[in-house]
Amino acid sequence: MENNFLLKIRSLHTYFFTDEGVAKAVDGVDLELEEGGTLGLVGESGCGKSVTALSIMRLIPEPPGKIVEGEITFNGTNLLTLSEAEMRKIRGRSISMIFQEPMTSLNPVFQIGDQISEVLRLHEGMSRKGAWNRSVEMLKLVGIPAPERRVMEYPHQLSGGMRQRAMIAMALACSPKLMIADEPTTALDVTIQAQILELMNRLQKEKGMSLILITHNLGVIAETARKVAVMYAGRIVEYTDVRSIFATPKHPYTQGLLKSIPRLDEHHGRKEKLEAIPGLVPSLLDLPVGCKFSNRCKYVFDRCVEEPPLLEPVPGHLVRCWLYEKK
Amino acid sequence: MNADGNLVEVKKLTKFFPVHSHFFSRAKTFVQAVVGVNLSIRRGETLGLVGESGCGKSTLGRLILRLEEPTAGEIFFENEDILRYDSERLRHLRRQMQIIFQDPYSSLNPRKTVGSIILEPLIIHKIGTKKEREERVLKLMEVVGLRPEHINRYPHEFSGGQRQRIGIARALALNPKLIIADEPVSALDVSIQAQVLNLLADLQEEFHLTYLFIAHDLSVVEHISDRVAVMHLGRVAELALSEDLYRSPKHPYTQALLSANPFPDPTLERKRIILQGEVPSPIHPPPGCNFHTRCPHRFEPCDKEVPQFKEIEPNHWVACYLYGPNQ
């Protein structure tokens, strides 16, 4: 029985060609997402998670970027073979995206209602009035009080949490099958973050929508994702379900990340040190030979001069590390 | 509380910022950034100051340093009223208290080398001879984990975490007694955050520092602080020992904040306290308890008068009518 994945990414390579060299932002990523599923994409700055999302949306600026290789199959179609005109029909309609900074992703000179309406008029051919009314409904759906008033306001008149909700409203207007949320709550206060995450969870259930959630916040991942992929230096280094990532992390990087976050449930005494991963994330223009994490890994051994493939020591749990090579 | 044990004490500290409707108008309304705060920082401790955007925590830090002048109230440093200081004594005082800023990108002069950034406070305060100053800069760089051969590099050549280390070295240059760290790790990746937090803990021990640690990330604050004060809309809602605050938070706002914090444990079934509504404006704070409009436990007295900040258990202070009437 053929897989019924909504999204399937195979061997994605997105590079940036700069004066200082080629930055391989995404260097061989395979991912899958089932209908209605939630995939968490975790990693720190520069790991390639945002570039992966932009690659799916085909929003990579060309030049200096380019998807040099790969296949992104969405609902049976390889998005990389589509023309720009065909891709535009998909963006905002079947696949939509919300970004980290709602103030910079909303157009400051247009009313909220206009911005949501634009999506509806473009993709569903709605009339001006019809789209406006639907916009009010969408704002209500995302929990904005007095939506008939707010719909006439400009982004600067809304708080950060409300702008993010407005962006979610825009992203949901055409009932997309897939929503990509890139750090949707990082810029928000924690109580507003909780509201937004709860909203996204609820809407997902109600609309059967699939979600790719990109974040570096492991707490958010624990509460929202079902499957988790950890990225480092443009690659996936670990991939499994959310419980396993936290209960039995296998990759030394994942283990290091989990140990380095201060935890509210553990109070060992104030001066207890966090176990920090030594060193820095390498520059994409100056990656180590072999395993990209080898220069920071406490388990590094001779095998690591060769880059490991994704191994599967336990069914359903992939890890890119020679420690799990079967002898 | 032993008065000798307090490095800093603020009494009824208040700061209102005027809001001008246009450039030349006289201000009719004010942003009530800090209102009637009573707080002390004990010698050698780390006092955490936590709250969401706009709660006044950064302003409070700046008031203590006299980077802002208070509208009302008193500030004592080592039992002396520093608001009476003339510019000469104030300059001398500035050697005793330093600040580390949140943004490692905007807090360093991009046109100065690392060496000259760290050297600057020594020159301004005329510390030592040229040779002694240079030795001190090298020592400071070593102490914060920067390589001495980078002394002539510019900020843009460093990562965020390294720049934050430069900011820390600069803050240590004058051997201060108090360091106010205003969101020092918020802009950093998780693994770098752990490194910098460990560094701050080491430095505190080595140089007998007192910290006021301002942040919005509860897990980070709990980890590093001895006591934590929670601020809401310019006032302190709760103050307790770190472990007491997290084990048994008394103020409904603290409870909501803790509940909203996403937890890196997917097996946890949590009952979330989702606050309803928007954060009230600091220009028109609600009457009575400034949290009552969002409080799930509000009752009869809450919208009448501001509740008193009382010690309801040893070392545990709250401003909330749930814990007995006003005195």
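As the structure is a prediction and not an experimental result, all values here were calculated from the model. (Residues numbered from 1 in each chain as written. Chains lettered and ligands numbered in written order. Predicted model: local features only at pLDDT ≥ 70, side-chain atom pairs only at ≥ 80, totals over all residues.)

So, the overall build of chain B
Along chain B, the regular secondary structure elements total nine helices and 12 strands. The C-alpha radius of gyration of chain B comes to 21 Å, within 12% of the 20 Å expected for a compact globule of 327 residues. With the principal axes as the frame, chain B shows a C-alpha extent of 65 × 55 × 45 Å. Long-range contacts, defined as pairs at least 24 residues apart, comprise 63% of the intrachain contacts of chain B with a sequence gap of at least 6. (Helix = DSSP H or I, 4+ residues; strand = E, 2+ residues; numbered from the N terminus. Rg over C-alpha atoms; globule rule 2.2 N^0.38 Å. Contact = placed C-beta atoms within 7 Å.)

With respect to the packing of helix 4 (residues 112–124) of chain A against helix 5 (residues 128–141) of chain A
Residues and elements named next belong to chain A. Packing of helix 4 against helix 5 leaves a shortest axis separation of 8 Å and a crossing angle of 115°. Taken together, the axis directions place helix 4 and helix 5 in an arrangement best described as roughly perpendicular. As for the relative orientation of helix 4 and helix 5, their crossing is right-handed in sense. For the pair helix 4 and helix 5, the contacting residues are Gly113, Ile116, Ser117, Leu120 and Arg121 in the first and Ala131, Trp132, Arg134, Ser135 and Met138 in the second. When the residues that make up the contact of helix 4 with helix 5 are grouped by side-chain class, the tally is five nonpolar, three polar and two charged. (Axes fitted to C-alpha atoms, helices over the stretch in contact; angles between N-to-C directions. Parallel < 35°, antiparallel > 145°, perpendicular 65-115°, else oblique. Left-handed = near helix turned anticlockwise from the far one by under 90°. Nonpolar A, V, L, I, M, F, W, Y, C, P; charged D, E, K, R; others polar.)

Thoughts on the sheet that holds strand 8 (residues 210–215) of chain A
All names here are of chain A. Strand order in the open sheet made by the eight strands is 6-7-8-3-9-10-12-11, with mixed pairing throughout. In this open sheet, the two edge strands, each paired with only one partner strand, are strand 6 (95–98) and strand 11 (311–314). Neighbour-to-neighbour, the strand axes of this sheet turn through a mean angle of 20°, independent of strand direction. In the sheet, strand 7 (residues 178–182) pairs with strand 8 via five bridges, with the strands oriented parallel. By the bridge assignment for strand 8, alanine 181 is matched with leucine 213. Relative to strand 6, helix 7 (residues 160–172) is tilted by about 170°, and along the sheet it contacts strand 6 and strand 7. (Pairing = 2+ DSSP bridges.)

Quick look at the packing of helix 8 (residues 190–207) of chain A against helix 9 (residues 252–260) of chain B
Orientation of helix 8 of chain A relative to helix 9 of chain B, taken along the N-to-C sense of each, is 50°, at an axis distance of 8 Å. For the element pair helix 8 of chain A / helix 9 of chain B, the angle class is oblique. Remark: the crossing between helix 8 of chain A and helix 9 of chain B carries left-handed chirality. Here Val190(A), Thr191(A), Gln193(A) and Ala194(A) of helix 8 of chain A come into contact with helix 9 of chain B, specifically with Ala256(B), Leu257(B) and Ala260(B).

Considering the interface of chain A and chain B
Between chain A and chain B, the contact holds 36 residues from the first and 36 residues from the second. Secondary structure elements with two or more residues in the side of chain A that touches chain B: helix 8, helix 9 (218–224), helix 10 (242–247) and helix 11 (252–260) of chain A. Considering each element in turn, the side of chain A that touches chain B owes the most residues, six residues, to helix 8 of chain A. Here the residues of the side of chain A that touches chain B are counted per class, giving 16 nonpolar, 11 polar and nine charged.

Considerations on helix 7 of chain A
Residue and element names in this part refer to chain A. In this model helix 7 runs 18 Å from its N-terminal to its C-terminal C-alpha over 13 residues, within 8% of the 18 Å that 1.5 Å per residue would give. Burial of helix 7 is extensive: 12 of the 13 residues sit out of reach of the surface. Among all positions in helix 7, only Gly161, Met162, Arg163, Gln164, Arg165, Ala166, Met167, Ile168, Ala169, Met170, Ala171 and Leu172 are buried. The inward-facing, buried residues of helix 7 abut strand 6, helix 3 (102–105), helix 4, helix 5, strand 7 and helix 8. (Expected span 1.5 Å × (residues − 1). Buried ≥ 20, exposed ≤ 12 C-beta atoms within 10 Å, placed from the backbone.)

Some remarks on the pairing of strand 7 of chain A
Of all the five residues making up strand 7 of chain A, five are buried; the element is thus mostly covered by neighbouring parts of the structure. Remark: the strand 7 of chain A/helix 8 of chain A/strand 8 of chain A crossover connection has right-handed handedness. (Right-handed = clockwise from strand over helix to strand, strands pointing away.)

As for unusual backbone geometry
Residue and element names in this part refer to chain A. Residue proline 63 follows glutamate 62 across a cis peptide bond; omega there is 5°. Cis geometry marks the peptide bond from proline 63 to proline 64, where omega comes out at 0°. Its location among the elements puts proline 64 in the loop between helix 1 (49–56) and strand 4 (65–74). In this model, alanine 233 sits at a positive phi of 50°, which is unusual for a non-glycine residue. Inspection of the secondary structure puts alanine 233 in the loop between strand 9 (227–232) and strand 10 (235–241). The exposure class of alanine 233 is buried, given the 22 C-beta atoms found within 10 Å.

Describing the sheet that holds strand 1 (residues 5–18) of chain A
All names here are of chain A. The strand order 2-1-4-5 describes an open sheet built from four strands, whose pairing is antiparallel. Either end of the sheet is taken by a strand with one partner, and the two such strands are strand 2 (21–34) and strand 5 (77–78). Judged from the 10 bridges that link them, strand 1 and strand 2 form a sheet pairing that is antiparallel. Each bridged residue has a counterpart across the sheet, and for phenylalanine 16 the counterpart in strand 2 is alanine 23. Against the sheet, helix 1 makes contact with strand 1, strand 2 and strand 4, and its axis sits at roughly 70° relative to strand 2, the strand it touches most.

Side note on the environment of Phe74(A)
Along the chain, the position of Phe74(A) falls in strand 4. Dropping the residues within four chain positions of it, Phe74(A) is found in contact with Leu6(A), Leu7(A), Leu79(A) and Ile95(A).

Some details on the nonpolar core
Most often, soluble globular proteins have nonpolar side chains that are buried together. Core analysis: the biggest nonpolar cluster contains 182 residues, and Ala169(A), Ile118(B), Ala169(B) and Phe213(B) have the highest contact counts within it. Among the elements that take part in this core, helix 7 of chain A stands out by supplying eight residues, more than any other. Apart from residues no more than four positions distant in its own chain, Phe213(B) is found in contact with Thr46(B), Leu47(B), Gly48(B), Leu49(B), Ala181(B), Val221(B), Ile224(B) and Ser225(B). (Core = buried A, V, L, I, M, F, W, Y, C linked by C-beta atoms within 7 Å.)

Considering the confidence of the model for chain B
Atom-level detail of predicted coordinates should not be read off regions where pLDDT is low. Looking at chain B, the pLDDT average stands at 89 and 96% of residues meet or exceed 70. Reported for the predicted complex are a pTM of 0.86 and an ipTM of 0.79. (pLDDT = per-residue confidence, 0-100.)

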